[in-house]
Amino acid sequence: MPFTVPAETPLPATALLPNAERVCRWVQWAAITIALLVGGGNLLVWLHGSVPRMMVEANMMIMRINTAIAIIAAALALACWNRAPSAGRRRLAQGLAIIPALFGLLTVVEEFFLLNLGVGLLFAPETIPGDLANSIVRHPGRMSLNAALSLLFLGLALGMLDRSVLVGKRRIWIAPSFALLAALPVSLGLVGYFLSIDKFTGLLRSTNILLHTAATLTALSIGVLAARPKHPPMRRILSTGADGILLRWTLPGSLILLLALGWFIARGRNSGVIVPGEGTALMLYGGLILLFGLLVAASRAVSRQESRARAASEAFRHGQQRSRAIIDTSLDAVLCMDADGLLVDWNPAAERIFGWRRDEVLGRPLADCIIPEELRAIHNRGLAHLKATGHGPILGKRLELPALRRDGTRFPAELSINPLPGTDPTLFVGFLRDITERQAAEEKLRVAKETAEAASRAKDHFVAALSHELRTPLTPVLLSAAALREDERLPPDIRAQMAMMERNIALEARLIDDLLDLTRISRGKLPMRTEPCDAHSLICHALEIVREEALGKKIALDVDLAAERYGVNGDPARLQQVFWNLLKNAVKFTTAGGRITIKTRDDAEHDRLLIEVSDTGLGFTPAVAEQIFQPFEQAGHEGDHRYGGLGLGLAIARSIVDLHGGVIRAGSPGEGKGATFTVEFPSPILPPHGMLTAESLESGKDETEPRRILLVEDHEPTLGVLTRLLSRAGHEVIPAQSVASAKAAVERKGFDILISDLGLPDGTGLELIASLRADHPSFPAIAISGYGMEEDLQRTRQAGFAAHLVKPVDFDQLRQTLRRMGTAAPAAN
């Protein structure tokens, strides 16, 4: 059994013909226009005081003045009722409707009770010069009984246009009935004029109604009916159903045919062809024949309508069958229940999922069949709330909740419930899906996501640990090489070899930094600071770093720094890292004897600073222009390690440029034809006084005043080298290799600055600074560590370290940090 509207549900009203309401409005306004023109024209004649000669010569008669006033009032009242009027227009319409009703009622009383109330003489004398109609008036100034009755019913119709009464269970609208009554006496006058029967132009031997008066009142009666096309009888006449077709054929058809037959018989009687008795017989016989033909034509129209209705019904039945087929073949349970929660339908998927046959559940509460016992009270409260308020919080939503099978087993389900349209009382359709497999898949995706995250954390920890283990032994070597390079007692060739060792150790440290930077970038935690920077100075400093290597390969360096606005808001160290990576990349891939050009220029149109690094090196195909910015890529030469490095520089450079709101692009005419890298930075500024330059990144040559430094480092070679270098720089160094020895040294002798490794044999540098702060609340401190992840930097900042230097420690960087802290705090004694 398909989901259908119950048999007791009332069918919706038959639709009206297309444009029916628009046509009715035209009819309404046509009636108003005719009434105002006819009534107003006759009223002007009375106000003029005499009938114009043109009307007299044309043998034209004028209606009574009270009739003209009543017709104008009725037309205005009908105009006020247009569509849905406001309260003020409704009251005005009802007030105007009183005028025709009152004039009609008083005239009817005069006629039936043989009274003379003088109604016809209220506004004008009984006649005016040239009044041809005065000869057919039985009482001076009085309108005909036809017009009086019509105005009475017309006024009542206009006064109660939107009123109705209940008769049993049927609603009856008042205005259409009065409008039909208003049309009867005046339409009888029209028939009399059409068939030349004088007796029909006046009722009960009263004054004969004028032709234009009868036509105007008939038009107003039709206008009242057309004012509300959705009320009967217009709704039935204009409906698209068989009843509307039959009425549209028979009503006007029978009227036209019978009037035409009567007109021919009247013409024949006047000419002597038909005698009076034969006329009646011919009218009856001819009317029957014409009516029979009209009914046959109407039946054919109804037959066509029924054929279309049967086709629509068949299409609807096929649609229901398709809908049922869809429901029956659905893999999800589809169920239908009423407002009391009783099941009224149940598809095969529901039988398969829950184990209940359809005939076993129909009429039973839904809660008893599929809802676990502990949730039934909530379900019942929801039903009660729905019945009381008409609002259901769960309607139209997808819910995940446990469901119950017939055998008592449970399973996770997704449920949605919605009202079923077109049902009265309302039915509800529910769609339920077994999501056991989906939840299992989601759970697996979640044993997989956690595993991947754990692997990622393990990888990060491994990289951090590897960095620490690689950096720690490099520190004493780098510090020693740097110190020996500056020792003027050594021969120049030895100092040159020390410089070579220093560069290579720094290169190894840079590779480790690249790995750490890549990890930070992937986690969105690359540390950045923003301040005005001199891009030209940073470029020049990066050039100095690569100059020696370029000269060794006989590569010419051309510099054209033509930009006028070369100030950039950003992190100077990171920006220098970008320029160094680009220049180092150009030197690496440019063959001996080549050329590298670095240019800057202003892009005023787009408010950007453009920096280009071009070379005459290996180049690449356009297909790999984006690929080379991926980690571990080197111009698309997968697995080719001839050029050294890890292939991280360009990936890191792009990430840094992106963080500064800029763009970096790579281009090349092809392999062997060189490459150009373009960097764009937005909103460049003129370099203001005091802008941070590359030189300010280097340590100054002026040392701070000698200080007592508590140096804590468990790696003995690093401790020894740092002690010698700091002592040579004029500081008093208090060495310690553990937390305990550091505390003991503080007890023996105070200190000004703490420099501490983080990993110590009996604790950590974080624990050490916390212990020292207990007795010495304020002293500057520098952390040194092989760990340099963002979380490591954050932990040292939170512990109280003012700086965090990553191993291998660059002594110039350490001297610069000490200079900034030279007068930070008094000694901790």
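Keep in mind that what you see is a predicted model, and the values were worked out from it rather than measured.

Draft legend 1. Here's a closer look at the overall build of the chain. From N to C terminus, the chain includes 26 helices and 21 strands. The burial tally for the chain puts 44% of its 829 residues in the buried class. For the chain, the computed accessible surface area is about 42600 Å², with 60% contributed by carbon and sulfur atoms.

Draft legend 2. Layout of the nonpolar core. Core analysis: the largest hydrophobic core is formed by 58 residues, its most contacted members being L154, L158, L217, L220 and V224. For this core, the secondary-structure elements that each account for two or more residues are helix 1 (20-48), helix 3 (65-80), helix 4 (87-112), helix 5 (145-159), helix 6 (174-195), helix 7 (211-227) and helix 8 (234-237). Not counting residues within four places of it along the chain, the set of residues in contact with L154 comprises A74, A182, L217, L220, S221 and V224.

Draft legend 3. Representation of helix 19 (residues 572-589). Taking 1.5 Å of rise per residue, 18 residues should cover 26 Å, and helix 19 covers 26 Å from first to last C-alpha, within 8% of that figure. Most of helix 19 sits inside the fold, with 17 of its 18 residues counted as buried.

Draft legend 4. Local environment of the sheet that holds strand 12 (residues 608-615). Sheet architecture is open: five strands sit in the order 9-11-12-14-13, paired in mixed fashion. Two strands lie at the open edges of the sheet, namely strand 9 (556-561) and strand 13 (663-667), each paired on one side alone. Between one strand axis and the next, the sheet turns through 15 degrees on average, direction left out of account. Both strand 11 (residues 595-603) and strand 12 contribute to a ladder of eight bridges, which runs antiparallel. Looking across to strand 12, one finds that I598 is bridged to V613. Helix 20 (residues 649-659) rests against strand 13 and strand 14 (675-682) of the sheet, and its axis sits at about 145 degrees to strand 13.

Draft legend 5. Structural view of the packing of aromatic side chains. All chains considered together, the criterion is met by six aromatic pairs. Between F153 and F178, the aromatic rings sit 6.2 Å apart at their centres with planes inclined by 15 degrees, giving stacked as the arrangement. Here F153, found in helix 5, pairs with F178, found in helix 6; they are 25 residues apart in sequence, far enough to count as distant. Seen in terms of ring centroids, F751 and F779 are 5.0 Å apart; in terms of plane orientation they differ by 75 degrees. Their pairing is edge-to-face. On the criterion of sequence distance, the pair formed by F751 in the loop between helix 23 (739-748) and strand 17 (753-757) and F779 in the loop between helix 24 (765-775) and strand 20 (781-785) is long-range, its members being 28 residues apart. Note on accessibility: F751 and F779 belong to one class, buried. Three or more aromatic residues link up through ring pairs in this structure, and these residues are W346, F354 and F411. We note R406 situated over the ring of W356; from NZ or CZ to the ring centre the distance is 4.5 Å. The ring of F779 has R773 sitting right over it, with the charged end atom 4.2 Å from the ring centre.

Draft legend 6. Summary view of the packing of helix 5 against helix 7. In the contact formed by helix 5 and helix 7, the axes pass within 11 Å of each other and the chain directions differ by 20 degrees. In terms of axis orientation, helix 5 runs roughly parallel to helix 7. Note that helix 5 runs across helix 7; the crossing there is left-handed. The segment helix 5 lies against helix 7, with A147, S150, L151, L154, A157 and L158 engaging T213, L217, L220, S221 and V224. Its residues assigned to classes, the contact of helix 5 with helix 7 shows eight nonpolar, three polar and no charged.

Draft legend 7. Highlighting the pattern of salt bridges. With the rule as written, the count across this model stands at 32 salt bridges. For R406, the salt bridge is made with E360, and the minimal N-O distance between the two is 2.8 Å. Here E360 lies in helix 12 (residues 358-361) and R406 lies in the loop between strand 5 (399-404) and strand 6 (410-420), a separation of 46 residues in the sequence. The class of R406 is partly exposed, set by a relative accessible area of 42%. The network of salt bridges with common partners includes R398, E400, E414, R438 and E442.

Draft legend 8. Quick peek at the packing of helix 3 against helix 5. Where helix 3 contacts helix 5, the two axes come as close as 10 Å, and the packing angle between them is 20 degrees. Here helix 3 is positioned roughly parallel relative to helix 5, judged by the angle of their axes. Here helix 3 runs over helix 5; the crossing is left-handed. Counted together, A70, I71, A74, A77 and L78 of helix 3 and L151, L154 and L158 of helix 5 form the full contact between these two elements. Residues of the contact of helix 3 with helix 5, tallied by class, amount to eight nonpolar, no polar and no charged.

Draft legend 9. Layout of the pairing of strand 11. Across six bridges, the pairing between strand 9 and strand 11 is parallel. Residue A556 lies in a different strand from strand 11, and its bridge partner there is R595. Following strand 11, the chain reverses through four residues before pairing antiparallel with strand 12; D607 in that reversal takes a positive phi of roughly 55 degrees.

Draft legend 10. Seen up close, unusual backbone geometry. Backbone torsion omega between P232 and P233 reads 0 degrees, so that peptide bond is classified as cis. Non-glycine residue N19 carries a positive phi angle of around 65 degrees. Within the secondary structure layout, N19 lies in the segment before helix 1. Judged by its relative accessible area of 49%, N19 is partly exposed. In this model, D607 sits at a positive phi of 55 degrees, which is unusual for a non-glycine residue. Note that D607 resides in the loop between strand 11 and strand 12.

Draft legend 11. Region of the structure containing the confidence of the model for the chain. Per-residue confidence for the chain averages 83 on the pLDDT scale, and 87% of its residues sit at or above 70. Of the regions scoring below 50 in pLDDT, residues 1-12 engages in 19 contacts with residues more than four places distant in sequence or in other chains. Confidence drops under a pLDDT of 50 for residues 823-827, and excluding neighbours within four residues, the segment shows 10 contacts in the predicted structure.

Draft legend 12. Looking closely at the environment of G594. Note on placement: G594 falls in the loop between helix 19 and strand 11. For G594 and K554, which are 40 residues apart along the polypeptide, the C-alpha to C-alpha distance reads 7.2 Å. Beyond its immediate stretch of four places on either side in the chain, G594 contacts K554, I555, A556 and T616.

Draft legend 13. Helix 14 (residues 373-389), seen in detail. In this model, helix 14 (17 residues) spans 25 Å end to end at C-alpha, consistent with the 24 Å of a helix rising 1.5 Å per residue. Of the positions making up helix 14, those classed as buried are H379, L383 and L386. Across the axial projection of helix 14, the buried residues extend over an arc of 60 degrees, all falling on one side. Exposed residues lying more than 90 degrees from the buried face of helix 14 are R381 and A388. Tucked inside the fold, the buried residues of helix 14 contact helix 13 (366-370) and strand 7 (427-434).

Draft legend 14. Here's a closer look at the side chain of D757. As for its placement among the helices and strands, D757 is situated in strand 17. When its relative accessible area of 2% is taken as the criterion, D757 is described as buried.

Draft legend 15. Focus on the sheet that holds strand 21 (residues 803-806). Strand order across the open sheet formed by five strands is 16-15-17-20-21, with parallel pairing between neighbours. Either end of the sheet is taken by a strand with one partner, and the two such strands are strand 16 (732-736) and strand 21. In this sheet, adjacent strand axes meet at a mean angle of 20 degrees when their direction is disregarded. Taken together, the four bridges between strand 20 and strand 21 define a ladder with parallel strand orientation.

Draft legend 16. Structural view of a nonpolar patch on the surface. A surface patch of nonpolar side chains, about 560 Å² in accessible area, is lined by F112, F113, L115, L117 and L204. Mapped onto the elements of the fold, F112 is located in helix 4.

Draft legend 17. Summary view of the environment of T597. Topologically, T597 is positioned in strand 11. When the C-alpha atoms of T597 and D560 are compared, they prove to be 7.7 Å apart, with 37 residues separating the residues in sequence. Beyond its immediate stretch of four places on either side in the chain, T597 contacts D558, E612, V613 and S614.

Reading guide: rules and limits
Residues numbered from 1 in each chain as written. Predicted model: local features only at pLDDT ≥ 70, side-chain atom pairs only at ≥ 80, totals over all residues. Heavy atoms only, no water. Helix = DSSP H or I, 4+ residues; strand = E, 2+ residues; numbered from the N terminus. Buried < 20%, exposed > 50% of the residue type's maximum accessible area, 1.4 Å probe, protein only. Areas by Shrake-Rupley, 256 points an atom, 1.4 Å probe, with all protein chains shown as cover. Core = buried A, V, L, I, M, F, W, Y, C linked by side-chain atoms within 4.5 Å. Contact = heavy atoms within 4.5 Å. Expected span 1.5 Å × (residues − 1). Pairing = 2+ DSSP bridges. Axes fitted to C-alpha atoms, helices over the stretch in contact; angles between N-to-C directions. Phe/Tyr/Trp six-rings, centres within 6.5 Å; stacked < 30°, edge-to-face > 60°. Lys NZ or Arg CZ within 6 Å of the ring centre and 35° of its normal. Parallel < 35°, antiparallel > 145°, perpendicular 65-115°, else oblique. Left-handed = near helix turned anticlockwise from the far one by under 90°. Nonpolar A, V, L, I, M, F, W, Y, C, P; charged D, E, K, R; others polar. Salt bridge = Lys/Arg side-chain N within 4 Å of Asp/Glu carboxyl O. pLDDT = per-residue confidence, 0-100. Arc of directions from axis to C-beta. Patch = residues over 30% accessible without salt bridge, like charges linked within 9 Å, V, L, I, M, F, W, Y side chains within 5 Å.

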